[in-house]
Amino acid sequence: MKEVLRKQALELRNALTKEEVLSRSRKIITQIKSQIDLSNYQVLGFYMPLGNEVDLRPLMKELLEMGKTIVIPKVLDKETMEFFPIKDLFDYHIGTFKVLEPNSNKIMPKTKIEIIFVPGLYFSYQKYRLGFGGGFYDRYLKDYSNKKIGVAYSFQYIKEIPYNEYDIPLDIIITENPLHQFHDED
Ligand code: ADP
Ligand code: MG
């Protein structure tokens, strides 16, 4: 069931043009700024967008210029993902499996990260996340106690997705649709 949904979400996302990705991403950034007081956070977790993923780089750039610490994830082995600081938007290299990896080797301790923006294929009104199937965010977020925000296009925010006992729900989901902030668990 999760596999079918993953394929469907990827098809929908791949159908977006580059212009749509950028314009929808800009709207999502506007929603992030209106729903979250970013001045409260000094160390923020983001990600480098893959394919047509929501592109938060303009926001990351703005925050870096304000002197904030931006950390992005790197997969260390089959089970482990950690976050590392970047100095600017180009402070990464293409790692194994063509994934963009931060250059830094200094792990940011989990307790120091104040908010994490999490990408995904689908999110449900119950705030569950469907990822690529590696379970990396589930393992990372299991003992992370600060704020976690799901980021997605409006068509990726749906009523229900199947979840398992190890799936970790997010605090809120932000899409380009301002009304989505009022969706609650049914
Ligand atoms: P995703 O979250 O990327 O959509 P899944 O939720 O399907 O992927 O999880 C993928 C795999 O990760 C599962 O088969 C599960 O066994 C493993 N997994 C997830 N969380 C944990 C955990 N806390 N401890 C051990 N394995 C986990
Ligand atoms: Mg999961």
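Counting from 1, residues in each chain are numbered in the order their sequence is written. Chains carry letters from A onward and ligands carry numbers from 1 onward, assigned in written order. Local features in this predicted model are restricted to residues whose pLDDT is 70 or higher, and side-chain atom pairs enter the listing and the counts only when it is 80 or higher, whereas totals over whole chains, interfaces and linings include all residues. Only hydrogens and water are removed before side-chain values are computed, so all heavy atoms of the structure are retained for them.

A. The overall build of the protein, seen in detail. A tally of helices and strands in the protein yields four helices and 11 strands. With C-alpha atoms as the basis for the radius of gyration, the globule rule is written as 2.2 Å multiplied by the number of residues raised to the power 0.38. Since a compact globule built from 186 residues should have a radius of gyration of about 16 Å, the 15 Å found for the protein is in line with a globular shape. Each principal axis of the C-alpha distribution contributes one length, and for the protein these read about 40 × 35 × 30 Å. Every one of the 186 residues in the protein was classed for burial, and the buried ones make up 48%. Throughout, a residue-residue contact means that at least one pair of heavy atoms, one from each residue, lies within 4.5 Å. In the protein, 72% of the contacts between residues at least 6 apart in sequence involve partners at least 24 apart. Each accessible area is a Shrake-Rupley result for a 1.4 Å probe, and residues are judged covered by the shown protein chains and nothing else. A total accessible area of about 9900 Å² is found for the protein, and carbon and sulfur atoms account for 54% of it. The distance from the centre of the 26 positive side-chain charges to the centre of the 26 negative ones in the protein is 3 Å. What counts as a helix is a DSSP run of H or I of at least four residues, what counts as a strand is a run of E of at least two, and both are numbered from the N terminus. Classification of residues uses two cut-offs on accessible area relative to the type maximum, computed with a 1.4 Å probe and protein chains only: under 20% is buried, over 50% is exposed, and between them is partly exposed. His is not counted, nor are the chain ends; Lys and Arg add positive charge and Asp and Glu add negative charge. Charged side chains are reduced to one point each, which is NZ for Lys, CZ for Arg, CG for Asp and CD for Glu.

B. Representation of helix H3 (residues 57-65) within the structure. Taken together, the buried positions of H3 are Leu 59, Met 60, Leu 63 and Leu 64. Each buried residue of H3 lies within a common arc of 135 degrees when the element is viewed along its axis, so the set occupies one face. As for H3, its buried residues are in contact with helix H2 (18-35), strand E1 (43-45), strand E2 (69-75) and strand E3 (81-86). Directly beyond the C-terminal end of H3, a positive phi value near 90 degrees is found at Gly 67. Working note: the arc is built from the helix axis to C-beta atom directions.

C. Here's a closer look at the site of ligand 1. Taken together, 14 residues are adjacent to ligand 1, and Arg 6, Gly 131, Gly 133, Asp 138 and Asp 167 come closest. N or O atoms closer than or at 3.5 Å make up a polar contact, with two conditions inside protein: a donor-capable atom paired with an acceptor-capable one, and, for residues adjacent in sequence, both atoms drawn from side chains. At a separation of 2.7 Å, an oxygen atom of ligand 1 approaches a polar backbone atom of Gly 131. Within the side chain of Asp 167, one N or O atom sits 2.9 Å away from an oxygen atom of ligand 1. Counting residues per element, the ones that place at least two in the shell around ligand 1 are helix H1 (2-14), strand E8 (129-130) and helix H4 (136-141). Residues were grouped as follows: Ala, Val, Leu, Ile, Met, Phe, Trp, Tyr, Cys and Pro as nonpolar; Asp, Glu, Lys and Arg as charged; and all remaining residues, including Gly, as polar. Residues that form the shell around ligand 1 fall into these classes: three nonpolar, four polar and seven charged. Being near a molecule or strand, for a residue, comes down to having at least one heavy atom within 4 Å of it.

Spatial relationships are all this shows, so hold off on functional conclusions.
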